[in-house]
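One-letter residues, chain by chain:
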Amino acid sequence: MASFGIWVLTIFLVFQSGYGFYLPGSYPHKYKVGDPLSVKVNSLTSIDTEMPFSYYSLPFCKPAEGVKDSAENLGELLMGDRIENSPYRFKMCTNETLIFLCQSGKLSADEFKLLKERIDEMYQVNLILDNLPAIRYTVKEGFVSRWTGYPIGVKFQDMYYVFNHLKFKVLVHKYEETNVVRVMGTGDAVDVFPSGGKGGSDVPGYMVVGFDVIPCSVMHNGNLVKDLKMYDKYPSEIKCDTTTVTVPIKEGEPIVFTYEVAFEESDIKWPSRWDAYLKMEGSKVHWFSILNSLMVITFLAGIVLVIFLRTVRRDLTRYEELDKEAQPQLNEELSGWKLVVGDVFRAPSHPALLCIMVGDGVQILGMGVVTILFAALGFMSPASRGTLITGMLFFYMILGIAAGYVAVRLWRTIGCGDHKGWASVAWKAACFFPGIAFLILTILNFLLWGSHSTGAIPFSLFVILLLLWFCISVPLTLVGGYFGAKAPHIEYPVRTNQIPREIPAQKYPSWLLVLGAGTLPFGTLFIELFFIMSSIWMGRVYYVFGFLLIVMVLLVVVCAEVSLVLTYMHLCVEDWKWWWKSFFASGSVAIYIFLYSVNYLIFDLKSLSGPVSATLYLGYSLFMVLAIMLATGTIGFLSSFWFVHYLFSSVKLD
């Protein structure tokens, strides 16, 4: 079924290649001179609290037609986005100045206190025009920094100032050849450009390719605006100086809001309009991370190669003619892993839990690989808000079939073909990781509800997620379990003795070596982890999914190699309890990621304010770490299982 979908996608792309194909939701809008442009507002955000709040929770101007929610997808809601209409109105290529927006009511004690809190917590206002977030440029010591959004206000000498005047600059690109390009689509996508022919319009069209904002604190005369209505001309000149603030907010006094907008033609083409947000900085660092990972892989691959060569050499030399003096030495050399032949496939402790965790790990790993692959191909660009989270949920639910299949087939393999209990294993695989995730998210959601944050998942969405879980994910996992029960179990190449062999005393605790093994996989991804953490918690846009895909592949290889080497080392010292150790040898990378998360909280998010924000951070980090442990542990276990099966099936033993 997956291959059929890939073929359909390939044919679709080839078919569309002659028509200027654009991905869904990312097609350009053509506007004529004078066409209205509507600005939208998103949630107020801060890297100090990580709790988004509604734009209209503060005494800002509201649209004359009332506040209306924009259509949002599941991913946007889960990310805490609340996109609503705003009172700002532009007309394409029409410069306007001195536009009066509104005068707020007299600030109550609660409103005044809330404004001061939001300014202290460095909350940002996020505006959107034609799907482009407003961007703000700052220059410090000759270095230009880019920021999405602008701060609500600023504190200066114990006084609080609100940015009540906004200076907008809209970059537009003139679309010349209106009769050449045709876009395939439905709805409003059909008439984005006129199709070829004589019916095409000669009226020039413009596309929005940039949206800049400069916030100012401006002194307004309250007497001048008494009789003004929204969008009227402000009667006196407004000077927008970003280096000074003029009027502090006071309890019991209103705030006057104004704005101006200027349009500027730009050479930026529509496909390149996100370059300002996605400007590649630190590409050398990404390449350094990948080269570092390749060195680790090469080193481990050498060890693995030596292991395989030694085992093959032993098997061959056993049947060669050797001197009688050399034979005892050879037998002594072979006395390690060969002695555990009767115990190496003995069922591990808690076999059902191992099967469930491996099944869930396959599901998470598959979701991660497919999502990153689609993102690297451009199907989940930052231009399409929320599609990354939505895609992850979709792929996770569909891959429930793989989770059920792997968990049940492994269960039957451990039970030597016994069908008994497969439905229970499939059901637990469907509920294990999602159950823990729902528990963590529910606790965090209560904290967000208590703080009245838009980051809290609405109750209706909670019900939808539960329905998706029990109506799609669980049935698909049970279907996968059914196929796993019908599939032939994996036959062990050797028989297991009835009495378990005693494991010799070890010089060092084996679990110490297992926990230390996680440092190598962590070394392959810790640099990329910094960029990911910055995008999640520092409000930066993550877009280098090509690098992430390479790092993901390298991580899979390193996890497999580390687990394989450690399993071989344990067998050589006659430790036949390799099942769980192979899982945690690569899965222990999650411990180091969690420690890195704590380090990031202390040193990079040191301004994070309040116990609620810290709890949210640690809760989400724990959720992420659990998923990584299951995925990486599954890689290690499956590679070790294949290695042990291959080793004892290809080497002839007495």
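Remember, it's a predicted structure, so these values are computed and weren't measured experimentally.

Engineer: When you look at the overall build of the protein in this model, what are you seeing that I'm missing?
Structural biologist: For the protein, the helix and strand inventory stands at 16 helices and 14 strands. Within the span of the protein, comprising 654 residues, buried residues form 46% of the whole. Considering only residue pairs separated by 6 or more positions, the protein has 83% of its internal contacts joining residues 24 or more positions apart. Surface exposure of the protein reaches about 32500 Å², of which carbon and sulfur atoms provide 64%.

Engineer: In this structure, what is going on with the packing of aromatic side chains? I would like to understand it.
Structural biologist: Note on aromatic pairs: each is described by the distance of the centres and the angle between the planes. Per the counting criterion, the structure on display carries 44 aromatic pairs. Ring geometry for Y88 and F168: centres 5.4 Å apart, planes at 75 degrees, overall edge-to-face. One end of the pair, Y88, is in strand β2 (residues 84-91); the other, F168, is in strand β12 (residues 165-175), with 80 residues separating them in the sequence. In this structure, Y88 and F168 share a single accessibility class: buried. These aromatic residues form a ring-pair network of at least three members: F438, F446, W449, F462, W469 and F470. For the cation-ring pair, R118 lies above F53, with the distance from its terminal atom to the ring centre recorded as 3.9 Å. The ring centre of Y123 lies 5.3 Å from the NZ or CZ of R118, which sits over that ring.

Engineer: Help me out: how do you make sense of the pattern of salt bridges in this one?
Structural biologist: Charged atoms that come close allow side chains of opposite charge to pair. As enumerated under the stated definition, the model contains 8 salt bridges in all. Taking the shortest distance from any N to any O, the salt bridge between K169 and E264 comes out at 3.9 Å. With K169 in strand β12 and E264 in strand β14 (residues 256-265), this residue pair connects regions lying 95 residues apart in the sequence. One network of salt bridges, with partners in common, ties together K169, D212 and E264.

Engineer: It is not clear to me how the state of the cysteines should be interpreted in this structure. Could you clarify?
Structural biologist: Two cysteines form a disulfide when their sulfur atoms are joined by a covalent bond. Tallied over the full model, the rule gives 2 disulfides. A sulfur-sulfur separation of 1.9 Å characterises the disulfide bridge that pairs C61 with C102. Judged by the sign of its S-S torsion, about -85 degrees, the bond between C61 and C102 is left-handed. Highlighted residues: C61 in the loop between β1 (36-41) and α2 (74-79) and C102 in strand β3 (residues 96-103), separated in sequence by 41 residues. Take C61: its relative accessible area is 3%, and that puts it in the buried class. Assessed through its relative accessible area of 13%, C102 is described here as buried. The side chain of C216 participates in a disulfide bridge whose partner is C240; the two sulfur atoms lie 1.6 Å from each other. Across the S-S bond of C216 and C240 the torsion is about 45 degrees, and the bridge reads as right-handed.

Engineer: Could you clarify how one ought to interpret the confidence of the model for the protein in this entry?
Structural biologist: Low pLDDT means the predicted coordinates in that region are not meant to be read closely. For the protein, mean pLDDT is 81; residues scoring 70 or higher make up 83% of the total. With pLDDT under 50 throughout, residues 1-25 is counted as low confidence; its partners more than four residues away or in other chains account for 20 contacts. Below a pLDDT of 50 lies the segment residues 178-200, which in the model reaches 38 contacts outside its immediate sequence neighbourhood of four places, other chains included.

Engineer: What exactly am I supposed to notice about the environment of Y206 here?
Structural biologist: The topology assignment puts Y206 in strand β13 (residues 205-216). With a relative accessible area of 9%, Y206 lands in the buried category. Separated by 114 residues in the primary sequence, Y206 and M92 have C-alpha atoms spaced 7.9 Å apart. If near-sequence neighbours (up to four positions away) are discounted, Y206 is found in contact with H29, K30, Y31, V33, M92, C93, V172, H173, K174 and E265.

Engineer: Honestly, the sheet that holds strand β5 (residues 127-129) in this entry has me stumped. Any pointers?
Structural biologist: Within the open sheet, the 4 strands sit side by side as β2-β1-β5-β6. Their pairing is antiparallel. Unpaired on one side and paired on the other, β2 and β6 (132-133) mark the two borders of the sheet. Here β1 pairs with β5 via 3 bridges, running antiparallel. Bridging across to β5, V39 finds its partner in L129.

Engineer: Would you mind going over the packing of helix α8 (residues 400-414) against helix α9 (residues 422-450) with me for this structure?
Structural biologist: Helix packing geometry: the angle between the two helix axes and the distance between the axes. Contact geometry of α8 with α9 gives a least axis separation of 9 Å together with a crossing angle of 140 degrees. It follows that α8 is oblique to α9 by the angle criterion. Both α8 and α9 take part in a crossing whose hand is right-handed. Only W422, V425, A426 and A429 of α9 make contact with α8, whose side of the interface consists of A407, V408 and W411. In terms of residue class, the contact of α8 with α9 is made up of 7 nonpolar, no polar and no charged.

Scoring rules and cut-offs
- Residues numbered from 1 in each chain as written.
- Predicted model: local features only at pLDDT ≥ 70, side-chain atom pairs only at ≥ 80, totals over all residues.
- Heavy atoms only, no water.
- Helix = DSSP H or I, 4+ residues; strand = E, 2+ residues; numbered from the N terminus.
- Buried < 20%, exposed > 50% of the residue type's maximum accessible area, 1.4 Å probe, protein only.
- Contact = heavy atoms within 4.5 Å.
- Areas by Shrake-Rupley, 256 points an atom, 1.4 Å probe, with all protein chains shown as cover.
- Phe/Tyr/Trp six-rings, centres within 6.5 Å; stacked < 30°, edge-to-face > 60°.
- Lys NZ or Arg CZ within 6 Å of the ring centre and 35° of its normal.
- Salt bridge = Lys/Arg side-chain N within 4 Å of Asp/Glu carboxyl O.
- Disulfide = S-S within 2.5 Å.
- pLDDT = per-residue confidence, 0-100.
- Pairing = 2+ DSSP bridges.
- Axes fitted to C-alpha atoms, helices over the stretch in contact; angles between N-to-C directions.
- Parallel < 35°, antiparallel > 145°, perpendicular 65-115°, else oblique.
- Left-handed = near helix turned anticlockwise from the far one by under 90°.
- Nonpolar A, V, L, I, M, F, W, Y, C, P; charged D, E, K, R; others polar.

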